[in-house]
Amino acid sequence: MLRSGLKNTILIVSVFQLLLVVSSAYSQDNKLTKKEKKAGWQLLFDGHSMDKWKGASSDSFPKKGWSIEDAVLIDDNVSGRTLGGDILTKEQFEDFEFTIDFKLTEGANSGVKYTVQKYTPGVPGLGSALGPEYQLLDDDKHPDAKAGRNGDRKLGSLYDILPAATGTAIRPIGSWNTARIISKGDHVEHWLNGIKVLEYDISSDLFNSSLALSKFKSVKDFGKKAKGYMLLQDHGNKVFFKNIKIRKL
């Protein structure tokens, strides 16, 4: 009986310790460590408010299409129609490192656009808030993965311009992934779950020749501006975001 009681006590203690670890990990979401603060990181989402964001085509945050639940930002359109619209930061950034945790649902399509410029009037068929895009996509279930050229519309790619070499960096749909974008001068890098999957220079022949074959070929100075907004795309699919942070380089 004593041995059985000891085993039960050890089991209870182990479960309690595990719960503490899980709780501690969850409590760190949407927060900066002392080290991150010292390095100049700033939160773009604190888990409660969207005061650093606005609609891409308005001065206020969308009243529908986006929500916050359990400290997670949700693009909760599931009907296939864009109800909320894209959102972008109120502040513009130049030379930065940006990270975001995202979770895709089956067949989902979204993206993170950076150094975004506002075009007035908008570009027919493309919209008014345009910039290079880190593609977020269910490569197995969304048809866009087979469109474009050489996989340049798959997860991690520079959408419709340059493909990413994601390999084993991709985690299963329904799992949290971390995207990282580094932009400094002409050089840009895309990272996925700690692995660099793409890098390019906006002044290179490769970028310019690929841009000339893309849907953005007629957009004036596309990708050439050093300073611009960060944008989260609403493509009419359900996608989850958290731990959105940026630091100036």
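Given the structure is predicted, the values throughout are model-derived calculations rather than measurements. Numbering of residues begins from 1 in every chain and follows the order in which that chain's sequence is written. Residues qualify for local features only when their pLDDT is at least 70, as the model is predicted, and side-chain atom pairs are given and counted only at 80 or more; totals for whole chains, interfaces and linings, by contrast, use all residues. Think of the side-chain values as coming from all heavy atoms in the structure, minus any hydrogens and water.

Asker: Go over the overall build of the chain, please, and point to the residues and values.
Answerer: Each helix is a run of DSSP H or I of at least 4 residues and each strand a run of E of at least 2, with the numbering of both proceeding from the N terminus. Looking only at helices and strands, one finds 3 helices and 15 strands in the chain. Exposure is judged per residue with a 1.4 Å probe applied to protein chains only, and the accessible area is read against the type maximum: over 50% gives exposed, under 20% gives buried, and values in between give partly exposed. Within the chain, the fraction of its 249 residues that count as buried is 47%. Two residues qualify as a contact provided that any one of their heavy atoms is within 4.5 Å of a heavy atom in the partner residue. Looking at the chain alone, contacts between residues at least 24 apart form 66% of all its contacts between residues at least 6 apart. For the chain, the accessible surface area stands at approximately 13100 Å², while carbon and sulfur atoms represent 54% of it. Only the protein chains shown count as cover for residues, with accessible areas throughout obtained via the Shrake-Rupley method and a probe of 1.4 Å.

Asker: Talk me through the side chain of Asp101; I want residue IDs and the actual numbers.
Answerer: Here Asp101 is to be found in strand β7 (residues 96-104). As a buried residue without a salt bridge, Asp101 has its nearest oppositely charged side chain in Lys242, at a separation of 5.1 Å. Once residues within four sequence positions are removed from consideration, Asp101 is found in contact with Trp176, Asn177, Thr178, Phe240, Phe241, Lys242 and Asn243. In this charge count, Lys and Arg are treated as positive and Asp and Glu as negative; neither His nor the chain ends contribute. Throughout this description, the term salt bridge denotes a Lys or Arg side-chain nitrogen within 4 Å of a carboxyl oxygen of Asp or Glu.

Asker: Which residues make up the pattern of salt bridges, and what values do they have?
Answerer: By the definition in use, this model includes 12 salt bridges. A network of salt bridges, in which partner residues are shared, links Glu97, Arg180 and Arg247.

Asker: Mind laying out the environment of Phe93, listing which residues take part and the relevant values?
Answerer: Checked against the element boundaries, Phe93 lands in strand β6 (residues 93-94). When the C-alpha atoms of Phe93 and Leu249 are compared, they prove to be 9.8 Å apart, with 156 residues separating the residues in sequence. Once residues within four sequence positions are removed from consideration, Phe93 is found in contact with Gln42, Leu44, Ala226, Lys227, Gly228, Met230, Ile246 and Lys248.

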